[in-house]
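# Report on the structure
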Amino acid sequence: MSRPPAAPETTAADPVLTAERAHLALAAACLGQMRTAAGAVTDAGVDAWASERLGAARAERLAALAHDPGVPPFFGRTDAEAESFHVGRRHVRDAAGDAVVIDWRAPMSRPFYQASAADPQGLVRRRRFGFAGGELTGYEDEVLAAGEDSLGDSALLRAEIERPRSGPMRDIVATIQPDQDDIVRAPLTESICVQGAPGTGKTAVGLHRAAYLLYTHGEQLARTGVLVVGPNRAFLRYIEQVLPALGEVEVDQATVADLTARVTVRADDDPAVAVLKGDPRMAEVLRRALWGGISKPVDGVQVTLAGRRYRISPERLKRFVDDLRRAGTSSVDDQQVLHYAAGRERLAMSLAEYARRLKEAGGGSPSDAETRRAARSAEVRAFCDAVWPAVDAAGLVCGLLSDGERLARAARGVLTEEEQALLRWSAPPRSVRAARWTPADAVLVDEVAGMLERTAGYGHVVVDEAQDLSPMQCRAVARRLAAGSLTVLGDLAQATSPWSAADWSQTLTGLGRPDTTVRPLTRGYRVPGEVLDFANRLLPRIAPGLPAATAVRREPGSLQLRPVALLAGPLAEVVGELAATEGSTGVVCADAAVADVVGLLRTAGLDVAALSDDGSEPTRVSVVPATLVKGLEFDHVVVVEPAAIVAAEPRGLHRLYVVLTRAVSSLVVLHAGDLPDLLQPPAPSQAQA
């Protein structure tokens, strides 16, 4: 290695550093010129639609080129025998069109991430740069032929990984490792499930894969779109700046609750009811309830076409209805050829087309417009209303959960009588809008809506914390996938929902991609080894078949276990000390204790705020409910009463594992009560042994 960050008087005379600073200034100037050119694009005034599209394209381009003074144009360089390239977050060119910086996603950038002494991929040197406040302060060279390519040898790489992180999540383009890069650059046609242990960067990898696919398949994904699904609004707020920082602004981000917000949620289910409503068998119950509402025609129908009436017999009508019904689905797992609402429209056209054939057989020649009018006639509409009635998704679910007999018909042979009793509402609501809908109900309504009409799909969907999705939630995500591909991110050891599975097969089947390859990430880059080892004590009980994560760095003193008699004084002391350091601090406790913890800290004069699930940004010192901490990270974490976190829910040990692995620099565990048995320090005799 050569030239890590040094004092200005040392680096000022370094000719390499001088040349690289000049290239940095050139890149910044060229990027500014690119922004000026993008803003100067004028409207030719062809038509209103063209003007609107031009304005949208210009705004998108300017957003992609937005300048962040703290983010330098490049972070690395590759040197081959014949040429060198600077690698950055986006492509930068000069006035002549020559590359000044190449985009990290370009094929020629891949050796920066993948080259090694064993496989230099044509490189003789890889250079990394150190920055402070946007200023280039140093560099390190890896001469690959000499074998200098390990993470542990790179001070700049370690410094970037460990850099304090206040506020939203940042990109990791400067630190992507080979195992991560393999996932990021996987083909668009390939769906991937990342089983990522804490600190392995699975969320960042998923987001960077989205950015890579948008760069590589921009035209295709511009039509079909990319969706990122997160567990809650706090998480989406945390990650929302990553893709824009990489120049990708046209990506939708949502929770499952956002996707299924067809009714107003006002209540929560008991865990047993929520598990049942999330069971995949509910899809079959709903399918039966919907398609079971179609009745057999009894009487014939008179269809008026071009001034004449044509009678269609009951037998003919039954064939029309039966054929269309079969084209719907024979079971919930079959590919749906025909949606319910489309079947209703097609039934009306079937009657009109049959009348047309009768008229043509008599020598007439009705037009297409006349045939369409016949399909909309009062007689045909009345027939469809009676036989194939229009359905409202929320109304169907409301009626099903309110009417025991109707539920029994739809659930016969699928749900037991005891399960049906769990589902039934104690009293029917005054109206569909007045119902006390729960999150699980909203997913059921969305399922029915997907049977009624086709749900618009995306070309690629990234699903984070997927281990916590119920099978019915998985189906809701799958409906947004259409023919596209998936990036599934999660960790089975962090599965805290009551329907969590022991392996990925159930989730991937629910998402409609059962053959998806599961790729493990077990090398932890963010969490210190001492903290990870402590949390890994829980793995034999919560995920016995899962390999433990290993950390690339160890930080003596990063873990503190603090038994105390009373919380108030020690808690304020610890949080006050951490608040005086650089970076973010998360004080994590059981949800029921949040108000008390906030009160204790504010009484001590500390400026803290409780994190909520409304999308608000964490403060520098946040008190975090244990149920909201998943996916987040803080430089410093203070865990208050681990036993209370465990006792708060059935999968409390899994929740505690999540809580203990949120720290990037230090973890302090404060407890007046006993620690959970797996975290207890060894007895003196065992320690001596």
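The protein chain is annotated in an unreviewed UniProt entry as UvrD-like helicase ATP-binding domain-containing protein of Modestobacter italicus.

What follows is about the environment of V461. Position of V461 among the secondary structure elements: in strand β12 (residues 460-463). Once you skip the residues sitting within four places of it in the chain, V461 turns out to touch L227, V229, V477, R480, L481, S485, L486 and T487.

Feature annotation in UniProt places "binding site: ATP" (unreviewed entry) on G196, A197, P198, G199, T200, G201, K202 and T203, given in this structure's numbering. G196 has contacts with K202, G490, D491, Q494 and L521, leaving out every residue within four places of it along the chain. Summarising the element assignment, A197 is placed in the loop between β7 (192-196) and α7 (202-216). Those residues in contact with A197, other than ones at most four positions away along the chain, are K202, D491, L521, T522 and A549.

Turning our attention to the nonpolar core. Ranked by size, the top nonpolar core spans 154 residues in total, and within it W104, L351 and L660 carry the most contacts. Setting aside residues up to four positions removed in sequence, L660 forms contacts with V531, F534, A535, L538, V639, L667, V669 and L679. Core analysis: the second largest hydrophobic core is formed by 19 residues, L578, V623, V638 and V640 among them.

Below, the discussion takes up the packing of helix α15 (residues 340-361) against helix α16 (residues 368-375). Running from N to C, α15 and α16 cross one another at 130°; their axes reach a closest spacing of 8 Å. Here α16 runs oblique to α15, going by the angle between their axes. Judged by the twist between their axes, the crossing of α15 over α16 is right-handed. Contacts between α15 and α16 pair A348, M349, A352, E353 and R356 from the former with D368, T371, A374 and A375 from the latter. Classifying every residue of the contact of α15 with α16 gives 5 nonpolar, 1 polar and 3 charged.

Glancing now at the confidence of the model for the protein chain. The predicted model of the protein chain has a mean per-residue pLDDT of 89, with 88% of residues at 70 or higher. A low-confidence stretch, residues 148-152 stays under pLDDT 50, and its non-local contacts, those more than four residues away or across chains, total 18 contacts.

It is worth spelling out unusual backbone geometry at this point. Even without glycine at this site, A306 takes up a positive phi of about 55°. Along the polypeptide, A306 turns up in the loop between β10 (301-305) and β11 (308-312). Here A306 falls in the partly exposed class, since its relative accessible area comes to 38%. We note that E465 has phi near 55°; this positive angle belongs to a residue other than glycine. Along the polypeptide, E465 turns up in the loop between β12 and α22 (471-479).

Moving on, we come to α15. Taking 1.5 Å per residue as the helical rise, α15 with its 22 residues ought to reach 32 Å, and the 31 Å between its terminal C-alpha atoms agrees with that figure. For α15, every residue scored as buried is listed here: Y340, G343, R344, L347, A348, S350, L351, A352, Y354, A355, R356 and K359. Of the residues flanking the end of α15, it is G363, one or two places downstream, whose phi is positive at about 95°.

With that out of the way, let us pick up the packing of aromatic side chains. Under the criterion given, the structure shown has 10 aromatic pairs. Taking 5.7 Å as the distance between ring centres and 80° as the angle between the ring planes, the aromatic pair formed by W291 and W388 counts as edge-to-face. Of the two residues, W291 is situated in helix α13 (residues 281-291) and W388 in the loop between α17 (378-387) and α18 (393-402); the sequence distance between them amounts to 97 residues. The pair W291 / W388 is uniform in exposure class, with both members buried.

A word on the sheet that holds strand β17 (residues 559-563). The strand order across the open sheet formed by 6 strands is β17-β22-β21-β18-β20-β19, and the pairing between neighbours is parallel. This sheet does not close on itself; its edge strands, each paired only once, are β17 and β19 (609-610). Relative to strand β21 (residues 634-640), strand β18 (residues 585-589) runs parallel, the two sharing 4 bridges. Bridge assignment links V588 to a residue of β21, and that residue is V639. Packed onto the sheet, helix α24 (residues 529-536) meets β17 and β22 (663-671) and runs at close to 55° relative to β17. Of the strands in this sheet, β18, β21 and β22 are in contact with helix α29 (residues 652-660), which crosses β21 at around 140°.

Rules used in this analysis
- Residues numbered from 1 in each chain as written.
- Predicted model: local features only at pLDDT ≥ 70, side-chain atom pairs only at ≥ 80, totals over all residues.
- Heavy atoms only, no water.
- Helix = DSSP H or I, 4+ residues; strand = E, 2+ residues; numbered from the N terminus.
- Contact = heavy atoms within 4.5 Å.
- UniProt positions renumbered as here; feature names shortened; annotations may be inferred.
- Core = buried A, V, L, I, M, F, W, Y, C linked by side-chain atoms within 4.5 Å.
- Buried < 20%, exposed > 50% of the residue type's maximum accessible area, 1.4 Å probe, protein only.
- Axes fitted to C-alpha atoms, helices over the stretch in contact; angles between N-to-C directions.
- Parallel < 35°, antiparallel > 145°, perpendicular 65-115°, else oblique.
- Left-handed = near helix turned anticlockwise from the far one by under 90°.
- Nonpolar A, V, L, I, M, F, W, Y, C, P; charged D, E, K, R; others polar.
- pLDDT = per-residue confidence, 0-100.
- Expected span 1.5 Å × (residues − 1).
- Phe/Tyr/Trp six-rings, centres within 6.5 Å; stacked < 30°, edge-to-face > 60°.
- Pairing = 2+ DSSP bridges.

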